[in-house]
There are 2 protein chains.
Amino acid sequence: MKKALILLGCPEAPSQTPLAVYTTYKLKERGYDVTVASTPSAMKLLEVSDPESFYVTNKVDIESCLENLNEKEYDLLFGFVHKDAAAAYFVTFYHILNTESVALVFEKDIDLLEKFIKDVQESTDSKIVSARAYHNPTPLRVKIDRYIETLEV
Amino acid sequence: MKKALILLGCPEAPSQTPLAVYTTYKLKERGYDVTVASTPSAMKLLEVSDPESFYVTNKVDIESCLENLNEKEYDLLFGFVHKDAAAAYFVTFYHILNTESVALVFEKDIDLLEKFIKDVQESTDSKIVSARAYHNPTPLRVKIDRYIETLEV
């Protein structure tokens, strides 16, 4: 079974937790074993959002995950990027894992959105899925669906 | 079976959707039939957050719900209040339903938090559960648990 790692940074955007659950769900449907690595506050939100762990079964602390990470340990890296810290985490994981990667970049401020896209582009050859989004998850959900459809099963 | 109505306003706070799923889950555990009435954007987030409707089975548009609402139609009104509009919805539903009610008031700004509490207190005799909260859901989750434990089954 292929393995995917989803990265969650600081959960300031209201759509992050819902979209993290959704992406986990869609990747599992596609046959991936999914682990979510997140900061402590993002993890608290995930736990409250899915109290029976019906959707998100594997959760790890992002720092512990990073300490023990090996090249090619996951077949897919899926990063949520809407803060500088999240972009930095994504770039770090990208270079250690050296695997198929996608950055999901979202921000309501267009200048910040472009800045985060540029940060990821300058430091990686990752695919980028982006939308100007804050509390409406639909533009990102549609793009996530399209990206996941392109993945080899 | 007792019936509960959860009200969700504009989903600007990152903890609202996770806490709405959590509250639905806990009220169902307590034996309530739960309906969530929400604005269109809050509903989109709920749908993405729970793609199989494992937690939230009954969802209605808040305006349609209001048009058809009758006194005592629900045994419990549970309102999420962190905007003026949400406070106004809560007060309106409170006076039509005339039933056991609780307002969950949360804001990261202490002055706004106090303003929303005052708004609810001045217009209703509802119980109030409040916390200064934004993306850490724990203070509210603990208070929600305590409130739900006080409910008669």
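Residues numbered from 1 in each chain as written. Chains lettered and ligands numbered in written order. Predicted model: local features only at pLDDT ≥ 70, side-chain atom pairs only at ≥ 80, totals over all residues. Heavy atoms only, no water.

Colleague: Provide a residue-level description of the overall build of chain A, including the pertinent values.
Modeller: Counting secondary structure elements, chain A contains 6 helices and 6 strands. Listed by position from the N terminus, the elements making up chain A come as β-α-β-α-β-α-β-α-β-α-β-α. Against the compact-globule benchmark of 15 Å for 153 residues, chain A has a radius of gyration of 14 Å, which places it among compact chains. Counting only C-alpha atoms and orienting by the principal axes, one finds that chain A spans roughly 40 × 30 × 30 Å. When each of the 153 residues of chain A is scored for burial, the buried share is 54%. For chain A, long-range pairs separated by at least 24 residues make up 73% of all intrachain contacts whose partners lie at least 6 apart in sequence. (Helix = DSSP H or I, 4+ residues; strand = E, 2+ residues; numbered from the N terminus. Rg over C-alpha atoms; globule rule 2.2 N^0.38 Å. Buried < 20%, exposed > 50% of the residue type's maximum accessible area, 1.4 Å probe, protein only. Contact = heavy atoms within 4.5 Å.)

Colleague: So what's going on with the environment of Met43 of chain A? Which residues, and what values?
Modeller: All names here are of chain A. As for its position among the elements, Met43 is in helix 2 (residues 40-49). Put simply, Met43 and Leu8 are 35 residues apart on the chain and 8.4 Å apart in space, counted from C-alpha to C-alpha. Not counting the four nearest positions on each side in its chain, Met43 is found in contact with Ser38, Lys59, Val60 and Asp61.

Colleague: Run through the sheet that holds strand 1 (residues 3-8) of chain B, naming residues and quoting values.
Modeller: Residues and elements named next belong to chain B. Sheet architecture is open: 6 strands sit in the order 3-2-1-4-5-6, paired in parallel fashion. Pairing within the sheet leaves two strands with one partner each, and these edge strands are strand 3 (58-61) and strand 6 (127-132). Strand-to-strand twist of the sheet, defined as the mean angle between neighbouring strand axes without regard to direction, takes the value 20°. As judged from the 6 bridges shared by strand 1 and strand 2 (residues 33-38), these two strands associate in the parallel manner. Looking at the pairing, Leu5 lines up with Thr35 of strand 2. Helix-sheet contacts for helix 2 (residues 40-49) involve strand 1, strand 2 and strand 3, and the interaxial angle to strand 3 is about 155°. (Pairing = 2+ DSSP bridges. Axes fitted to C-alpha atoms, helices over the stretch in contact; angles between N-to-C directions.)

Colleague: For the sheet that holds strand 5 (residues 100-107) of chain A, give the residues involved together with the corresponding values.
Modeller: Residues and elements named next belong to chain A. With parallel pairing, the 6 strands of this open sheet are ordered in space as 3-2-1-4-5-6. Looking at which strands have only one partner, the edges of the open sheet turn out to be strand 3 (58-61) and strand 6 (127-132). Neighbour to neighbour, the strand axes of the sheet diverge by 20° on average, direction disregarded. On the sheet, helix 2 packs against strand 1 (3-8), strand 2 (33-38) and strand 3 and is oriented at approximately 155° with respect to strand 3. In the packing of helix 6 (residues 138-150) onto the sheet, the strands contacted are strand 4 (76-81), strand 5 and strand 6, and the crossing angle to strand 6 comes to about 160°.

Colleague: How would you explain the interface of chain B and chain A if you had to name every residue and give the values?
Modeller: Contact with chain B, which involves 29 residues of that partner, is made by 29 residues of chain A. With both chains or domains summed, chain B and chain A bury close to 2,500 Å², and 67% of this area falls on carbon and sulfur atoms. For the pair chain B and chain A, the number of links is 0 salt bridges. Between the two partners, chain B and chain A, sit 7 residue pairs in polar contact (both at pLDDT 80 or more). Every element with two or more residues in the side of chain B that touches chain A is listed here: helix 1 (16-29), helix 2 and helix 6 (138-150) of chain B. (Buried area = accessible area lost by both parts, 1.4 Å probe. Salt bridge = Lys/Arg side-chain N within 4 Å of Asp/Glu carboxyl O. Polar contact = N/O pair within 3.5 Å; in protein donor to acceptor, adjacent residues only side chain to side chain.)

Colleague: Hey, could you go over helix 6 of chain B for me, with residue numbers and the actual values?
Modeller: Residue and element names in this part refer to chain B. Over its 13 residues, helix 6 runs 19 Å from end to end, which matches the ideal 18 Å to within 8%, given 1.5 Å per residue. Taken as a whole, helix 6 has its buried residues at Leu140, Ile144, Asp145, Tyr147 and Ile148. Its buried side turned inward, helix 6 meets helix 1, strand 4 (76-81), strand 5 (100-107) and strand 6. (Expected span 1.5 Å × (residues − 1).)

Colleague: Outline the pattern of salt bridges, supporting the account with residue identities and numerical values.
Modeller: Residues and elements named next belong to chain B. All told, the structure shown has 14 salt bridges over all chains when counted by the stated rule. For Glu29, the salt bridge goes to Lys26, with nearest N and O atoms at 3.6 Å. A residue pair is termed a helical-turn pair when its members lie 3 or 4 positions apart in one helix, as Glu29 and Lys26 do in helix 1 at 3 residues. Glu29 gets classed as exposed once you look at its relative accessible area, which sits at 52%.

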